[in-house]
Amino acid sequence: MGRKLLFDKAHIEGIRYYDVYRANGGYGSAEKALKSMSPEQVLDEVKKSGLRGRGGAGFPTGMKWSFIAKPEGVPRYLVCNADESEPGTFKDRYLMEFIPHLLIEGLLISSYTLGCNSCYIYIRGEYAWIPDILEEAIADAKKNGWLGKNIQGTGFDLEIYVQRGAGAYICGEETALIESLEGKRGNPRIKPPFPAVKGLWDCPTVVNNVETLATVVPILRIGGEEYAKYGTGKSTGTKLISACGNINKPGVYEIEMNISVEEFIYSDEYCGGIPNGKRLKACIPGGSSVPILPANLLLKTAKGEPRMMTYESLSDGGFATGTMLGSGGFIVLDEDQCIVKNTLTFARFYHHESCGQCSPCREGTGWMKRVLLNIENGKGKMSDIDLLWDIQRKIEGNTICPLGDAAAWPVAAAIRHFRDEFEWHVLHPEEATKRNYGLAHYADPLEIAAPAAV
Amino acid sequence: MAEEKKLFKVKIDNISVEVEPGTTILNAARKIGGDIVPPAMCYYSKLQGSGGKCRTCLVKVSKGSDADPRPMPKLVASCRTTVMDGMEVANITSPEVLDARKGVVEFLLLNHPLDCPVCDQAGECHLQDLSYEHGADSTRYEFKRRTFDRVDIGDKIQLHMTRCILCYRCVFTADQLTEKREHGVLGRGEAAEIGTYIQQSLDNNFIGNVIDVCPVGALTDKTFRFKNRVWFLKPVDAHRECHDPKCCGKTVLWMRGDEIFRVTARKDKYGEVEEWICDTCRFDKKEAKDWIIEGPRQIERQSVISQGHYVGVHKPKDPLVDVLDGRQPKLLLDIHNISEVNKPNVDLSKIQGPAHSDDFNKK
Amino acid sequence: MFSEEKLNKVKEIIARYPAGKQKSALIPVLHLAQEEFGGWLSSETMDYVASLLQIKPIEVYEVATFYSMFNLKPVGKYVFEVCQTGPCMLRGSDNIIDYIKKKLDISVGETTKDGLFTLKTVECLGACGYAPMMQLGKHYREHLTPEKVDAIIEECRSKAN
Ligand SMILES: Cc1cc2nc3c(=O)[nH]c(=O)nc-3n(C[C@H](O)[C@H](O)[C@H](O)COP(=O)(O)O)c2cc1C
Ligand code: SF4
Ligand code: SF4
Ligand code: SF4
Ligand code: FES
Ligand code: FES
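Residues numbered from 1 in each chain as written. Chains lettered and ligands numbered in written order. Predicted model: local features only at pLDDT ≥ 70, side-chain atom pairs only at ≥ 80, totals over all residues. Heavy atoms only, no water.

## Regarding the overall build of chain A
Which entries qualify depends on this criterion: By the criteria applied, helices consist of DSSP H or I runs no shorter than four residues and strands consist of E runs no shorter than two, each listed in order from the N terminus. The globule rule is 2.2 Å times the number of residues to the power 0.38, and the radius of gyration it is compared with is taken over C-alpha atoms. Relative accessibility thresholds used throughout: buried, under 20% of the residue-type maximum; exposed, over 50%; partly exposed, between the two (1.4 Å probe, protein chains only). We call two residues contacting when some pair of their heavy atoms lies within 4.5 Å.
The number of helices and strands found in chain A is 19 helices and 11 strands. The C-alpha radius of gyration computed for chain A amounts to 23 Å, which stays within 12% of the reference 22 Å derived for 454 residues, consistent with globular compactness. The C-alpha extent of chain A, read off along each of the three principal axes, is 75 × 50 × 45 Å. Across the 454 residues that make up chain A, the buried fraction comes to 65%. Intrachain contacts of chain A at a sequence separation of at least 6 include 70% that bridge at least 24 residues.

## Overview of the site of ligand 2
For the record, the criterion: Throughout, the term near means that a residue has one or more heavy atoms lying within 4 Å of the molecule or strand in question. Polar here means any residue outside two lists: the nonpolar Ala, Val, Leu, Ile, Met, Phe, Trp, Tyr, Cys and Pro, and the charged Asp, Glu, Lys and Arg; Gly therefore counts as polar.
Around ligand 2, 13 residues are found, and the nearest of them are A:Cys355, A:Gln357, A:Cys358, A:Cys361 and A:Cys401. Tallied by class, the residues present in the shell around ligand 2 amount to eight nonpolar, five polar and no charged.

## Structural notes on the interface of chain C and chain B
What counts, and what does not: Summed over both partners, the accessible surface that disappears when two parts come together, traced with a 1.4 Å probe, is what is meant by buried area. For this analysis, a salt bridge means a side-chain nitrogen from Lys or Arg found within 4 Å of a carboxyl oxygen belonging to Asp or Glu. Polar contact is defined as a pair of N or O atoms within 3.5 Å, subject to the rule that within protein one atom must be able to donate a hydrogen and the other to accept it, and that residues adjacent in sequence are counted only when both atoms are side-chain atoms.
Contacts between the two partners involve 11 residues from chain C and, on the opposite side, 15 residues from chain B. Across the chain C to chain B interface the summed buried area is about 1000 Å²; carbon plus sulfur atoms make up 58%. On the chain C side of the interface with chain B, the three residues burying the most area are C:Lys56, C:Ile58 and C:Glu62, jointly 48% of the side's total. Run the count over chain C and chain B and you get one salt bridge. The salt bridge partner of B:Arg181 is C:Glu62, with a shortest N-O separation of 3.0 Å. Run the count over chain C and chain B and you get four residue pairs in polar contact (both at pLDDT 80 or more). When residues of the side of chain C that touches chain B are assigned to their parent elements, the largest contribution, five residues, is made by helix H4 (residues 57–64) of chain C. Across the side of chain C that touches chain B, the residue classes tally to five nonpolar, two polar and four charged.

## Some thoughts on the interface of chain C and chain A
Contacts between the two partners involve 40 residues from chain C, matched on the other side by 57 residues from chain A. Across the interface of chain C and chain A, roughly 3900 Å² is buried in total on both sides, 57% from carbon and sulfur atoms. The largest share of the area that chain C buries against chain A comes from C:Arg16, C:Phe66 and C:Leu90, three residues that together contribute 18% of it. Note that A:Arg93 is salt-bridged to C:Glu142, the shortest N-O span being 2.8 Å. The set of elements that each furnish at least two residues to the side of chain C that touches chain A consists of helix H2 (26–36), H4, helix H5 (86–90) and strand S4 (139–141) of chain C. By residue number, the principal contributor to the side of chain C that touches chain A is H2(C), which donates five residues.

## Observations regarding the packing of aromatic side chains
Cut-off, in case you're wondering: Only rings of Phe, Tyr and Trp enter the pairing, Trp through its six-membered ring, and a pair is recorded when the two centres are within 6.5 Å. The plane angle decides the type: under 30 degrees is stacked, over 60 is edge-to-face, the rest tilted.
Tallied over the full model, the rule gives 40 aromatic pairs over all chains. Where A:Trp367 meets B:Tyr141, the ring centres are 5.7 Å apart and the plane angle is 75°; that geometry is what we call edge-to-face. Of this pair, A:Trp367 sits in helix H16 (residues 359–376) while B:Tyr141 sits in the loop between helix H3 (126–134) and strand S6 (150–153), which puts the two residues in different chains. Residue class for A:Trp367 comes out buried when judged on its relative accessible area of 0%.

## A short note on helix H18 (residues 403–427) of chain A
The condition that has to hold: The angle between axes fitted to the seven residues ending at a residue and the seven residues starting there is what we call the bend at that residue.
Of all the bends in H18(A), the largest measures some 90° and sits at A:Phe418. Most of H18(A) sits inside the fold, with 20 of its 25 residues counted as buried.

## Remarks on helix H3 (residues 43–53) of chain C
Those residues of H3(C) that fall on the buried side of the exposure criterion are C:Thr45, C:Met46, C:Tyr48, C:Val49, C:Ala50 and C:Leu53. Considering only its buried residues, H3(C) is in contact with helix H1 (4–14), H2 and H4 of chain C.

## Considerations on the layout of surface pockets
Using the following cut-off: Only protein atoms enter the 1 Å grid, on which a cavity is a set of points fitting a 1.4 Å probe that cannot get out and a pocket is an open set with protein on both sides within 12 Å along at least 5 of 7 lines, lining residues being those with an atom within 4 Å of a point. Grid points are joined across faces, edges and corners, and a volume is the space filled by probe spheres set on the points.
In this structure, the second largest pocket occupies an estimated 1400 Å³ of space. Lining the second largest pocket are 42 residues, with A:Glu179, A:Lys184, A:Arg189, B:Gly49 and B:Phe172 positioned closest to its centre. Within the residue set of the lining of the second largest pocket, elements represented by two or more residues are helix H4 (169–177) of chain B together with H4 of chain C. Take the lining of the second largest pocket: its biggest share by element is four residues, from H4(B).

## A closer look at the pattern of salt bridges
According to the stated counting rule, one finds 76 salt bridges over all chains in the structure shown. Of the charged contacts in the structure, one is a salt bridge between A:Glu363 and A:Arg362, with a shortest N-O distance of 3.0 Å. Residue A:Arg362 is classed as buried on the basis of its relative accessible area of 2%. With a shortest N-O distance of 3.5 Å, B:Lys60 and B:Glu96 are connected by a salt bridge.

## A word on unusual backbone geometry
A negative phi angle is the norm for most residues apart from glycine, just as the trans form is the norm for most peptide bonds. Cis peptide bonds are those with omega within 30 degrees of zero, and the linkage from A:Lys191 to A:Pro192 qualifies with -5°. In this fold, A:Pro192 is placed in the loop between helix H8 (174–181) and strand S4 (205–209). The omega torsion of the bond from C:Ala131 to C:Pro132 falls at -10°, within 30 degrees of zero and hence cis. Tracing the backbone through its elements, the reader meets C:Pro132 in the loop between strand S2 (117–122) and strand S3 (134–136). Although it is not a glycine, A:Asn276 sits at a positive phi angle of roughly 60°. Summarising the element assignment, A:Asn276 is placed in the loop between helix H11 (261–266) and strand S9 (280–284).

## A short note on the domain arrangement of chain A
Residues and elements named next belong to chain A. Heads up, the condition is: All domain edges in this entry derive from an automatic or database-based domain assignment.
What the domain assignment lists for chain A is domain 1 (18–229), domain 2 (239–332) and domain 3 (339–434). Computed from C-alpha coordinates alone, the two centres of domain 1 and domain 3 are separated by 36 Å. Each partner contributes to the interface: domain 1 provides 13 residues, whereas domain 3 provides 10 residues. In total, about 880 Å² of surface goes out of reach between domain 1 and domain 3, with carbon and sulfur atoms giving 70% of it. One can count zero salt bridges joining domain 1 with domain 3.

Laid out in structure tokens, this is it:
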């Protein structure tokens, strides 16, 4: 069994409720931080832990916190990003539904560190039942002196509010989230200024993912240095992976970042392999926006090393032969799946979710979707494949926010690794509506280039 | 020259300029002027918060600053990126920028009707200029274009959403110039559109300025009695004593003979109004006696409007002939082909003084 | 008009934000209004929300048209929002959508003649591991099969009577 830091007590009956959570050591980290440490000391522990943002970008959390501006007399805000809308990602939901106090404790410690007295949890609107769970937990925490005025006699005040979104993936982008929290359309802001200087209501603001903030609790419990001993290299600690698609045991798993992708997919502890004796065709390991990899590149890097579940190993080889850990939305495709169809659903998703502010994303996402739809429906032309490549190339890097890139990457990666499948669709329009291209050569062992003599 | 304030040295396309800290790359480029100024379809210096959206002004920062010389990893929107001391920027000298800009223009035109010949904005349209300079020969878009019906917003302004490029300028104008904003962006993504609160008339004494800020033919003046034909009008500078304290009273009258066909604010060479005017001046003062005429307006734009050789026109040198390899500009129209009113053999520039309807009636 | 109780709820929401920032309450209040006034937002409802929050009506329209959860047209009593994005597609969401279409004899976006059911397709709802799935009111229905869909339809019909 891999070591657990977030889910170590997840199996305990009733851990959702305050009493059980507290009886099992809950709020111990908060007590330690508030009563015996200065905010600077807590920040130091977070820095030492090497914790990287779990929302997708993997930016070091300690560093992010140290950027927050501290002008005199201006409030600062902590915003918890619970928008979780990247296809394949459903890990934050699990944390909030089943261990809400872990998040609240994390918010308390983080707010103390940042000097915030109000904190907002922005949760996607479709998770309509979760605000009730969170609000109940907040009320219980308050009753027991962990929120409100003069928390545990330390003089620190904190209120946590839950704000529901209303159906917009783009509100996961931190500045769009802030706009939405201000009661506006979720249009990402043009940066700079960054939220750390001018965020919510123009005040310094930190936006962090649910999992990031919850992870602060075990960091304080065991200490930053100890936390950094989990995992591999710069991928310290554990990570929640939400696994879905064609696997035997879809669900949310906490992994220590030292296992291989192969182990994650095939071991009984995690995904439990692929159902019906099918073979692995491809995988999108970090949520829909990260590049898709064929089986052979997924399990081994281009250098022939086993691919590990770490930020570094998954991105080994860059976009040419690698991908990203992203938000940990692990999507597995078996040999019966169609890459064109899958790419189409992602293109449709990003088209649906574009805010429409900047022209490459507003116009380009719809264009890609329509071209893909033609190919999928047997009306594609060979030139459409190059056209798609050109469209994605002109979106990527030229937009206001990374949604443009997120829309471009899946299309680029699908063409890069599965071009013959697209061509097959174009050349066999009749057949392509009836059957799939299948596994083809995507699982064939790679030729490993001999290391160049130095 | 011992200045108090330290100026930042910036190089754009290898031309040096010194600007105050806080200046954007675009404004630094405008200070240099000429061909190296990036096109700007959404930025408007007089509107707070504008810019960043259209992406036509993307440039490459090849050196961040003297302190941190690393290049910026992506192209940046020059209208929203401020300069650093020692920064080096590439605009028309960067093939990467020109390629990206070509892409942006293609995106902007993707759902655009391309019917300049019947568009009210033809001849003074920034998108027309832009596609002339950076557009492709033909569209690669094979799908149905998005269309909208024209709607009247009140009896003076017409909105034709089909032509809108969602630059948000009119929204900023309505927000920043008028008391009660009734005009905004509805919908999301590709379906986003400019809308008014239940198609209400925009009855505010400054709302007419949305016509002037609109870079395309999406918002037009319904009181303009000579649509599609701006190139037959002679622009003159004029002013009047306006009682609205926020209105400068300085305008351009678009005339033929003694008739005033349209009143607009005065625009600089980047198409931005110099000062706002009120709706009374714009819509209600259409008699020559209302105005004190100063003289011919100098138009410094490159589109067809300046093809008429007006007195005092500064015609910018056209650097794009080289870039375009002699290719024909796509959206430019031959006015003589489409004009039903005017005789092709009448050449405006040859007429002494203001053109008059008599000039066109002559057989 | 909101009831006394709902008006108090609105006040409570506004109190979450600093003074003068009541516009932040817009999305939560629109949710309340949609629940309260028949599952959709009419222009009267939106104007009412604007007056409650002392903002201009256009600011409400801008927001209500941006977010996909706000209905600007009347919908059936039960709205089946079936996810069709990649991970759900991999687990057969297309079959579920087809099944519902046949069973209720409507296309996507339509409402049954009796006004009871509306079928919508939506993009990823964050339940990819429990696919195929749909949202029905406040809750998710996961691991859908044709049999489960039948049961859900029956459940709704009996509740409606
Ligand atoms: C289009 C888009 C959607 C995003 N969605 C989410 C999201 O749903 N949840 C999340 O935590 N971060 C999301 N992010 C990342 C956030 O912008 C931000 O980086 C993150 O909340 C920072 O938190 P972290 O440092 O703890 O990861 C998204 C980013 C983009 C560009
Ligand atoms: S990239 Fe897309 S989502 Fe992001 S600001 Fe531009 S249009 Fe909006
Ligand atoms: S003149 Fe401008 S707005 Fe009118 S159709 Fe041509 S490009 Fe479009
Ligand atoms: S109507 Fe004109 S000014 Fe307004 S957003 Fe569209 S193009 Fe810009
Ligand atoms: S002018 Fe800079 S992005 Fe539009
Ligand atoms: S793809 Fe259907 S819930 Fe995520």
